[in-house]
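# Tertiary structure, described
What follows is the residue order along each chain.
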Amino acid sequence: MAKVTFNENACKGCYLCVDVCPKKIIKKATDRLNVKGFNPVEVTEQDQCIGCAFCATMCPDVVITVEK
Amino acid sequence: MSEKVLMKGNEAIAEAAIRSGCKLFFGYPITPQTEVSAYMSKRMPQVDGLYLQAESEVAAINMVYGAASTGARAMTSSSSPGISLKQEGLSYIAGADLPCVIINIVRGGPGLGGIQPAQSDYFQATKGGGHGDYHLVVLAPSTIQECVDLTYKAFDIADEYRVPVMIMGDGMLGQMMEPVSFPEHDDSVTFDKSWACSTTGMKRKKNIVNSLYINPDELENLVWERQKRYDLITEKETRAESFFCDDADIVLVAYGTIARVAMNAVKKARAMGIKAGLIRPITLWPFPEKEIQKAAATAKSFLSVEMSTGQMVEDVKLAVNGKCPVEFYGRTGGVVPVPQEILDKIVEMSKKL
Amino acid sequence: MSIVFEKPHALSDVGFHYCPGCTHGIVHRLVAEVLDELKLEGETVGVASVGCSVFSYNYFECDMVQAAHGRAPAVATGVKRANPDKVVFTYQGDGDLLAIGTAETIHAATRGENITVVFINNCIYGMTGGQMAPTSLVGQVTQTTPYGRKIETQGWPINGCELVSQLEGTALAQRVAVNNVKNIREAKAAIKKAFTYQTEKKGFTFVEVLSTCPTNWGLSPQESMKWMEENMMPQYPLGVYKDKGAKGE
């Protein structure tokens, strides 16, 4: 059981987390823009998350918190 | 008062700095101030202080910036070409409101110039030197005892107003020996150092020492706030000595080494029946305008005597403000005028009265 | 559930001003994580330099001093000599450290100045808009080398780790990269070793981090990582160039 949460308004839409996720569950949220004007990212299948924190390790803007 | 000892100006300044609580000295060799470094390298280890020879004057002033950032009393010394290299650091130190003391034992210029005494860096010292709206407080001793007293004063002014203070001498003052005494330093006076980067200990919010403000309104406010401190310094710290000015027709203005020569000329003029006087600025910035203005109320003419081609004379003219003529006599390139040359000029001026 | 990854305490809540995908943010976080893990935040003074990372004084929670361009190692020397038992680090880019500040870097290293230098090498001047850096690659197109960096006019790139590793005062010289998770973890280990060596008073510690500048390289963050791997790593091989703490040294 693991969970990732995004500080959505801090996201700058670089999507480095999308590429690095081994489960490929992080996706660009194309339905909305954050306060900075970027499409943030989201996890659609939270139950698939293994809590590896690769996404958070790669994120240049400390957007991601990982719980396990 | 302690007993008198015979010391060179450069060494007296160094000893006075240590007694003022300066335990961090960053130097780089250059004639004619190297005795400051040499003295510090010998004395600092004896008082658990630091003498560090930097890789350049640029590095030395930035080491002072770093040490001053922690709230410590720090100092560097150099001579004209080296002081030019320090201008970047001085601007940053002023911009970051850091207290520190800089010794400038001036030699002839421009360029590599010479190594003999000069006052040709008056503009650089008093008008900014580096970039931006800032001032150094500039103290100009004329005796070795005054080197000691003004060094004590320099550290206190620096800490009280959070400004860099320059002690500006010349090669003659630096090399000359005179008996001096070192008064007890008053260590009871403390200064606010709550701004210093001495680590948070996780007990307070972090401090930032900085001179970068991208928002122009913020930068403007800070520059004006600093200007108010400069106004306060002008009000409280301006110093000068006046001799025979009450009835003087011709008032000489001279600072540092050459003030002593000018004094000699004034006395000779008086002996000849010419009513000459002397104002000796001790602070070059702030410039003692009030003393000049007071004398200008009754004087018939002024004479600025300098070891330069005429720099301080501009400030004298501004202070006299057209009330009477202001003339200039100077030698430069490391040439020190003798009393007779100045006397000749006084006599020439007296004939026009 | 327990937290396995969150913002380190030594990093402030102020959002970075860096461009999307810029790896400065990763390196800031690694430094902050190390300060947290070694419990050094309250004992540390950081020195910010001039360049894109000039605002790093806003991002770290320890006391911060902002230095003039290239002068960070001299400023750090002043801070450290005033407080020899405190921890002092500089955070500098390639223009700051290896062009205008080369003398300060070399002499801090050769004095064995007990400070940690975190050196960001991204082969370009970022803040001013993408001019040639001392570390720009031969043939690299920048705003001031529009026809590519030519050896005949601009000479060769300069290798920081190799340079400082020659100096006796250097205790650690290591080049790392932040292009993938494995390398990021190695980068953090190197930074942690550097700060640890400093607390042990081993001497000058230097960690060069190969980084990206997507904006001025004109590449996406993903393409930038690839560009770093294909172009920078051959010129700037990762590895430990000097380690006084390693066995056998």
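Calculation rules
- Residues numbered from 1 in each chain as written.
- Chains lettered and ligands numbered in written order.
- Predicted model: local features only at pLDDT ≥ 70, side-chain atom pairs only at ≥ 80, totals over all residues.
- Heavy atoms only, no water.
- 1 Å grid on protein atoms, 1.4 Å probe; cavity = no way out; pocket = protein on both sides within 12 Å on 5 of 7 lines; lining within 4 Å.
- Points joined across faces, edges and corners; volume = space filled by probe spheres on them.
- Helix = DSSP H or I, 4+ residues; strand = E, 2+ residues; numbered from the N terminus.
- Nonpolar A, V, L, I, M, F, W, Y, C, P; charged D, E, K, R; others polar.
- Contact = heavy atoms within 4.5 Å.
- Buried area = accessible area lost by both parts, 1.4 Å probe.
- Salt bridge = Lys/Arg side-chain N within 4 Å of Asp/Glu carboxyl O.
- Polar contact = N/O pair within 3.5 Å; in protein donor to acceptor, adjacent residues only side chain to side chain.
- Pairing = 2+ DSSP bridges.
- Axes fitted to C-alpha atoms, helices over the stretch in contact; angles between N-to-C directions.
- Buried < 20%, exposed > 50% of the residue type's maximum accessible area, 1.4 Å probe, protein only.
- Core = buried A, V, L, I, M, F, W, Y, C linked by side-chain atoms within 4.5 Å.
- Domains from an automatic or database assignment.
- Parallel < 35°, antiparallel > 145°, perpendicular 65-115°, else oblique.
- Left-handed = near helix turned anticlockwise from the far one by under 90°.

## A look at the layout of surface pockets
Residue and element names in this part refer to chain B. When its volume is computed, the largest pocket comes out at roughly 440 Å³. Along the wall of the largest pocket there are 21 residues; nearest its centre are Gly95, His131, Ser211, Leu212 and Leu219. Contributing elements (two or more residues each) for the lining of the largest pocket: helix 4 (80–95) and helix 8 (216–237). The residue inventory of the lining of the largest pocket, partitioned by class, reads 13 nonpolar, six polar and two charged.

## What about the interface of chain C and chain B?
Note on interface size: it is often stated as the accessible area lost on association of the parts. Across the contact, 35 residues belong to chain C and 32 residues belong to chain B. For the pair chain C and chain B, the summed buried area comes to about 2,500 Å², and 61% of that belongs to carbon and sulfur atoms. Together, Asp63, Gln66 and Arg81 of chain C form the three largest contributors to the area buried by chain C at its contact with chain B, with a combined 21%. For the pair chain C and chain B, the interface holds three salt bridges. A salt bridge links Arg111 of chain C to Glu55 of chain B, with the nearest nitrogen and oxygen atoms 3.0 Å apart. Here chain C and chain B share 16 residue pairs in polar contact (both at pLDDT 80 or more) between them.

## A closer look at the sheet that holds strand 1 (residues 3–5) of chain C
Reading across the sheet, the three strands line up as 1(A)-4(A)-1(C) and stay open at both edges, with antiparallel pairing between neighbours. Only two strands of the sheet have a single neighbouring strand rather than two, namely strand 1 (3–6) of chain A together with strand 1 of chain C. For this sheet, the mean inter-axis angle between neighbouring strands, taken without regard to orientation, is 30 degrees. Where strand 4 (residues 64–67) of chain A and strand 1 of chain C come together, two bridges link them in antiparallel fashion. Pairing of Glu67 of chain A across the sheet is with Ile3 of chain C, part of strand 1 of chain C.

## Describing the side chain of Thr70 of chain B
Position of Thr70 of chain B relative to the elements: it lies in the loop between helix 3 (57–69) and strand 4 (74–78). Under the relative-accessibility criterion, Thr70 of chain B is labelled buried at 10%.

## Some details on the interface of chain A and chain C
Across the boundary between the two partners, chain A contributes 26 residues, which contact 28 residues of chain C. Both sides of the chain A and chain C interface together cover about 2,100 Å² of buried area, and 67% of this is carbon and sulfur. Our enumeration of links across chain A and chain C arrives at zero salt bridges. Our enumeration of links across chain A and chain C arrives at 11 residue pairs in polar contact (both at pLDDT 80 or more). For the side of chain A that touches chain C, the elements supplying multiple residues, two or more each, are helix 1 (16–20), helix 2 (54–58) and strand 4 of chain A. Here the residues of the side of chain A that touches chain C sort into 17 nonpolar, three polar and six charged.

## Here we look at the nonpolar core
Residues and elements named next belong to chain B. Judged by nonpolar contacts, the single largest core of 120 residues is most densely connected at Phe26, Tyr65, Met75, Met168 and Phe302. With 10 residues, the single largest contributor to this core is helix 6 (residues 144–161). Counting only domains with at least three residues in this core, you end up with domain 1 (5–237) and domain 2 (240–350).

## Focus on the packing of helix 3 of chain B against helix 4 of chain B
Residues and elements named next belong to chain B. Look at helix 3 against helix 4: their axes get within 8 Å of each other, and the N-to-C directions meet at 30 degrees. Taken together, helix 3 and helix 4 sit at an angle that is classed as roughly parallel. Here the hand of the crossing between helix 3 and helix 4 comes out right-handed. Residues Glu57, Val58, Ala60, Ile61, Asn62, Val64 and Tyr65 of helix 3 lie in contact with helix 4, whose contacting residues are Gly82, Leu85, Lys86, Glu88, Gly89, Leu90, Tyr92 and Ile93.

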